[in-house]
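Notes for the structure review
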Amino acid sequence: MADYDLVVRGGTVASGLGTMRCDIGINGGRIVALAESIKGGAATLDAGGLLVLPGGVDTHCHIEEPSRGGYTSAGGAPVTEVTVQEESFGSASVSAFAGGTTSVVCFIPQWKGEGILPRLADYEARAAKGMVDYSFHQVISDATEDVLEREVPQIVAKGIRSLKVFLTYEPLHLSDEQYLKVLVTARRHACLVTVHCENYAAINWRTEALLKAGLTAPKYHAWSRPPVVEREATHRAIALAELVDQPIQVFHVSCAEAAEEIARAQYRGVKVWGETCPQYLALTAADMDRTSDKNGGFEGAAYMCSPSPRTVEEQGRVWEMIRRGTLDVVSSDHCGFSMGRPGMGKQSGGTAVSFRDIPNGIPGLAARLPILFSEGVSKGRISLDHFVRLTATNPARLMGLAPRKGAIAIGADADLALWNPRKKVTITNALMQHAIDYTPYEGLEVTGWPVATVRRGAVVMRDGVVQAEPGTGRFLARGPYDFIAPRGVVANGFDAAPPPGS
Ligand code: DUC
Ligand code: ZN
Ligand code: ZN
């Protein structure tokens, strides 16, 4: 019998803990040996001339989400109507593997007026059909006593350790009072809280004024939510989390003003982490002003996400915040709506609708690693080691998936991306292998591309061809973990929400 199921030989391994030349021995889906030279192996993968990276861990993906209202400022479809995102766990898995990602964390929805448990079984069944390993954030959009006191503990018992809240979007947004209650609940049950930070009232006020002035085109999406709207909500989200002493992650930071709020809080010792996404490094608000004939002059909708992409100058400032470590995770916020899909597409209301009715979100699961590698490592903005930490090691650690995910280490799952750092590729929608009919990164030239993806020891992508059995993705149950433990710093020494075991 062979000593290893698979040996990856000859590569330069960027492990998340440094870079070294070594072979990798894999048994039973796990890494069992790292050595200068490993002989044998029932199967081998030649990584000569390639980098070997931990499989990407994308902790912010909207996949196959059933929705009542969608991600629009107007509330999208009538709230009684249920629509499901076009990207299924099957198609998203293909896209993930094509781009070198092996684990995702997605969102179980909650609809106002309902509990959270009714959606759980349905979403679990959807996710179980995919091939990528997965965990969940639980969205809280209706913070009732029953949800927080009876249902959240049941979700936590299932291994779901992060609650997601929106400070904007109709009908998802929470008031400050509701947000505080979620923070308290998270602290009691040792969960992380992830937050979409934009000011709901400010966006609505500006949107009304823009529409009244006849400024309805996609580009005015950016005008409805300038950086100050994000900065204010980021400040508030952190201040309330600091008051409760509950760790949070601020999602999709698009601008330096918001990142500075995070940096200031981190300096005070507050446990707050910041995530950004490739769209804030590779797109700008000007993309929403694209008016080619391709989509009836409506092409700008393809680039619409929230917060809005900003300017080239702002991209530079976000890079600086990455370099300083203020922003320590880069996720995709993959949230695809096809341009042509009736019902829940970007143009579902026709091209006459205002920006307020267009669903917010762009696909980016497969593009995330190539864009960050190319714009970051190939262009000399960040080191290879930093790239690995941003895309795998840090998100795994923050979400309680480490040491199983996010690093190349003995005992970790054998999730790998074999990477050609010199390969030049022009991004096309076909290369993304997702179910969405466009990519906002069409035509972007990147240097660095995945040539093989290994998930738990199985080669699931080789030269762009994905082969994996539906239903082989595993749920990643998360237990309590120290990384997100509260600091124990509360005003007046009075703890209004004692954590478990205290
Ligand atoms: N932002 C998006 O652009 N889409 C989905 C949700 C979000 O916050
Ligand atoms: Zn968001
Ligand atoms: Zn999102």
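See above for the structure.
As the structure is a computational prediction, the values presented were derived from the model and not from experiment. (Residues numbered from 1 in each chain as written. Chains lettered and ligands numbered in written order. Predicted model: local features only at pLDDT ≥ 70, side-chain atom pairs only at ≥ 80, totals over all residues. Heavy atoms only, no water.)

A look at the overall build of the chain
Summing up its helical and strand segments, the chain has 13 helices and 21 strands in all. Counting only C-alpha atoms, the chain reaches 70 × 60 × 40 Å along its principal axes. The contacts in the chain between residues at least 6 apart in sequence include a share of 79% that link residues at least 24 apart. Only carbon and sulfur atoms are counted for the fraction: they give 53% of the accessible area of the chain, which is about 17800 Å². Positive and negative charge centroids in the chain, built from 50 and 54 side chains respectively, lie 3 Å apart. (Helix = DSSP H or I, 4+ residues; strand = E, 2+ residues; numbered from the N terminus. Contact = heavy atoms within 4.5 Å. Areas by Shrake-Rupley, 256 points an atom, 1.4 Å probe, with all protein chains shown as cover. Lys, Arg positive; Asp, Glu negative; His and termini not counted. Charge placed at Lys NZ, Arg CZ, Asp CG, Glu CD.)

With respect to the sheet that holds strand β13 (residues 162–166)
The strand order across the open sheet formed by eight strands is β8-β11-β12-β13-β14-β15-β16-β17, and the pairing between neighbours is parallel. Both edges of this open sheet fall to β8 (56–58) and β17 (327–330), since each of them pairs with a single strand only. Geometrically, the sheet is characterised by an average inter-axis angle of 30° between neighbouring strands, direction not taken into account. Relative to strand β15 (residues 248–250), strand β14 (residues 192–196) runs parallel, the two being bridged by three bridges. (Pairing = 2+ DSSP bridges. Axes fitted to C-alpha atoms, helices over the stretch in contact; angles between N-to-C directions.)

Quick look at the coordination of the zinc ion (ligand 2)
Protein-derived coordination of the zinc ion (ligand 2) comes from His 196 (ND1) and His 252 (NE2), at a distance range of 2.1 Å. Distance-wise, the zinc ion (ligand 3) is placed 3.6 Å from the zinc ion (ligand 2). With His 196 in strand β14 and His 252 in the loop between β15 and α8 (256–268), this pair connects stretches of sequence that are 56 residues apart. (Donors = N, O, S within 2.8 Å, 3.2 Å for Na, K, Ca; no water.)

Quick notes on the sheet that holds strand β20 (residues 458–462)
The strand order across the open sheet formed by seven strands is β3-β2-β7-β18-β19-β20-β21, and the pairing between neighbours is mixed. Each edge of the open sheet is held by one strand with a lone partner, namely β3 (19–21) and β21 (465–466). In terms of strand pairing, strand β7 (residues 51–54) meets strand β18 (residues 416–426) through four bridges, oriented antiparallel. Across the sheet, residue Val 52 finds its bridge partner in β18, namely Leu 418. Together, β2 (12–14), β3 and β7 form the strand contacts of helix α12 (residues 384–398), whose direction differs from that of β7 by roughly 30°.

Quick look at the packing of aromatic side chains
All chains considered together, the criterion is met by 15 aromatic pairs. Each ring, one from Phe 89 and one from Tyr 123, has its centre 5.5 Å from the other, and the planes form 70°; the classification is edge-to-face. Taken as a pair, Phe 89 in helix α1 (residues 89–98) and Tyr 123 in helix α2 (residues 117–127) lie far apart in primary sequence, 34 residues in all. Under the relative-accessibility criterion, Phe 89 is labelled buried at 1%. The exposure class assigned to Tyr 123 is buried, which follows from its relative accessible area of 0%. Aromatic side chains Phe 373 and Trp 419 sit 5.4 Å apart centroid to centroid with 50° between the ring planes, which places their arrangement in the tilted category. Within this pair, whereas Phe 373 is found in helix α11 (residues 368–378), its partner Trp 419 is found in strand β18, the two being separated by 46 residues in sequence. Comparing Phe 373 with Trp 419, the two get one shared label, buried. Within the aromatic cluster, the residues linked to one another by ring pairs are Phe 89, Tyr 123, Tyr 134, Phe 136 and Phe 475. (Phe/Tyr/Trp six-rings, centres within 6.5 Å; stacked < 30°, edge-to-face > 60°. Buried < 20%, exposed > 50% of the residue type's maximum accessible area, 1.4 Å probe, protein only.)

Considering the coordination of the zinc ion (ligand 3)
The coordination sphere of the zinc ion (ligand 3) contains the protein donors His 60 (NE2), His 62 (NE2) and Asp 333 (OD), at a distance range of 2.0 to 2.2 Å. Motif for the zinc ion (ligand 3), donor spacing along one chain: H-x1-H-x270-D. Residue class for His 60 comes out buried when judged on its relative accessible area of 0%.

Examining the state of the cysteines
Under the definition given, this model contains zero disulfides. Here Cys 335 is not cross-linked by a disulfide; its sulfur's nearest cysteine counterpart is in Cys 305, at 9.3 Å. Here Cys 335 falls in the buried class, since its relative accessible area comes to 3%. (Disulfide = S-S within 2.5 Å.)

Some remarks on the site of ligand 1
Inspection of the region around ligand 1 gives His 62, Tyr 71, Tyr 169, His 196, His 252, Cys 305, Ser 306, Asp 333, Cys 335, Asn 360 and Gly 361 as its neighbouring residues. Between ligand 1 and His 196 there is a distance of 2.7 Å, counted from an oxygen atom to a side-chain nitrogen or oxygen. With respect to ligand 1, the backbone of Gly 361 contributes an N or O atom lying 3.4 Å from an oxygen atom. When the free accessible area of ligand 1 is taken as 230 Å², the share hidden by the protein chains comes to 99%. A breakdown of the residues in the shell around ligand 1 according to their chemical character gives four nonpolar, six polar and one charged. (Near = heavy atom within 4 Å. Polar contact = N/O pair within 3.5 Å; in protein donor to acceptor, adjacent residues only side chain to side chain. Nonpolar A, V, L, I, M, F, W, Y, C, P; charged D, E, K, R; others polar.)

Observations regarding the side chain of Asp 413
Looking at the element boundaries, Asp 413 is found in the loop between α12 and β18. Looking at Asp 413, its side chain comes within polar contact range of the side chain of Lys 405, at 2.8 Å. Leave out the neighbours within four places in its chain, and Asp 413 touches Gly 29, Arg 30, Ile 31, Asp 133, Arg 404, Lys 405 and Arg 456.

Thoughts on the pairing of strand β4 (residues 23–27)
Note on strand geometry: in a regular strand, side chains alternate between the two faces of the sheet. Within β4, four of the five residues are buried, which leaves the element mostly enclosed by the surrounding structure. Here three bridges tie strand β1 (residues 6–9) to β4, and the two strands are oriented antiparallel to one another. Directly across from Val 7, in β4, lies its bridge partner Gly 25. Both β4 and strand β5 (residues 30–35) contribute to a ladder of five bridges, which runs antiparallel. Note on β5: the bridge partner recorded for Ile 26 is Ile 31. Between the end of β4 and the start of β5, which pair antiparallel, lie two residues, with Gly 28 showing a positive phi angle near 55°.

Concerning the nonpolar core
In this structure, Ile 140, Tyr 179, Ile 248 and Phe 387 are the most contacted members of the largest nonpolar core, which totals 79 residues. If one sorts the elements of this core by residue count, helix α7 (residues 227–244) sits on top with six residues. Look past the residues within four positions of Phe 387 in its chain and what remains in contact with it is Leu 53, Leu 369, Leu 372, Phe 373, Val 377 and Ile 382. Counting residues in each nonpolar core, the second largest holds 30 residues, with Ala 301, Met 304, Ile 358 and Trp 449 among its members. (Core = buried A, V, L, I, M, F, W, Y, C linked by side-chain atoms within 4.5 Å.)

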